[in-house]
Amino acid sequence: ADKFSDEEREFLCSLIHKAVPQERSAYKTIIELIGQGHNAPENLDVALQKHVSPNFNASQSFIATQRSGAISRMTDLGLVARESDGIRVKYVVTERGTQFLGKKVHHE
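Treat the numbers as computed from the prediction; the structure is a model and nothing was measured. (Residues numbered from 1 in each chain as written. Predicted model: local features only at pLDDT ≥ 70, side-chain atom pairs only at ≥ 80, totals over all residues. Heavy atoms only, no water.)

K.L.:
An account of helix H5 (residues 95-102) is requested, with residue identities and associated values reported.
P.N.:
Regarding H5, the residues found buried are Arg-96, Gly-97 and Phe-100. Taken down its axis, H5 places every buried residue within 100 degrees of arc, on the same side. Exposed side chains of H5 directed beyond 90 degrees from the buried face belong to Glu-95 and Thr-98. Where the residues of H5 are buried, they touch helix H1 (6-19), helix H2 (21-35) and strand E2 (88-93). (Buried < 20%, exposed > 50% of the residue type's maximum accessible area, 1.4 Å probe, protein only. Helix = DSSP H or I, 4+ residues; strand = E, 2+ residues; numbered from the N terminus. Arc of directions from axis to C-beta. Contact = heavy atoms within 4.5 Å.)

K.L.:
Pulling in residues and values, what's your account of the environment of Ser-25?
P.N.:
Structurally, Ser-25 can be placed in helix H2. A relative accessible area of 41% means that Ser-25 is categorised as partly exposed. Along the backbone, Ser-25 and Leu-101 are 76 residues apart, and their C-alpha atoms lie at a distance of 9.6 Å.

K.L.:
Report on the pairing of strand E1 (residues 80-85), specifying residues and quantitative values.
P.N.:
One ladder, built from 6 bridges, connects E1 with E2; its direction is antiparallel. Its bridge partner being in E2, Asp-85 is matched across the sheet by Arg-88. What sits between E1 and E2 in their antiparallel hairpin is a turn of 2 residues, with Gly-86 showing a positive phi close to 70 degrees. (Pairing = 2+ DSSP bridges.)

K.L.:
Lay out the environment of Gln-60 in plain terms, naming residues and giving numbers.
P.N.:
Summarising the element assignment, Gln-60 is placed in helix H4 (residues 60-76). A relative accessible area of 66% means that Gln-60 is categorised as exposed. Taking the C-alpha atoms as reference, Gln-60 lies 8.4 Å from Val-46; in sequence the two are 14 residues apart.

Below, the structure written as structure tokens:
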């Protein structure tokens, strides 16, 4: 069962877009990396490590924890979905995730 209604998801996504730039930036990076084929936990972690390392020397466990939390929130928001292929999990970007990537930030 979905955690949020479509209306709630839409509200939260636009709130993140307007008011939570770090979360917005993290989601966009993850959506872009999944789109480039980094769609399994391990290879997404490697790509994220490379992405943050110029500014921040993060441990593998830090990256994995952050990725796991972000993916869970993104799944709740309907931006990504997890697909399992036997024991392996892969992430897919949903249509809502693609829209999130293209959203412009409107300042009221």
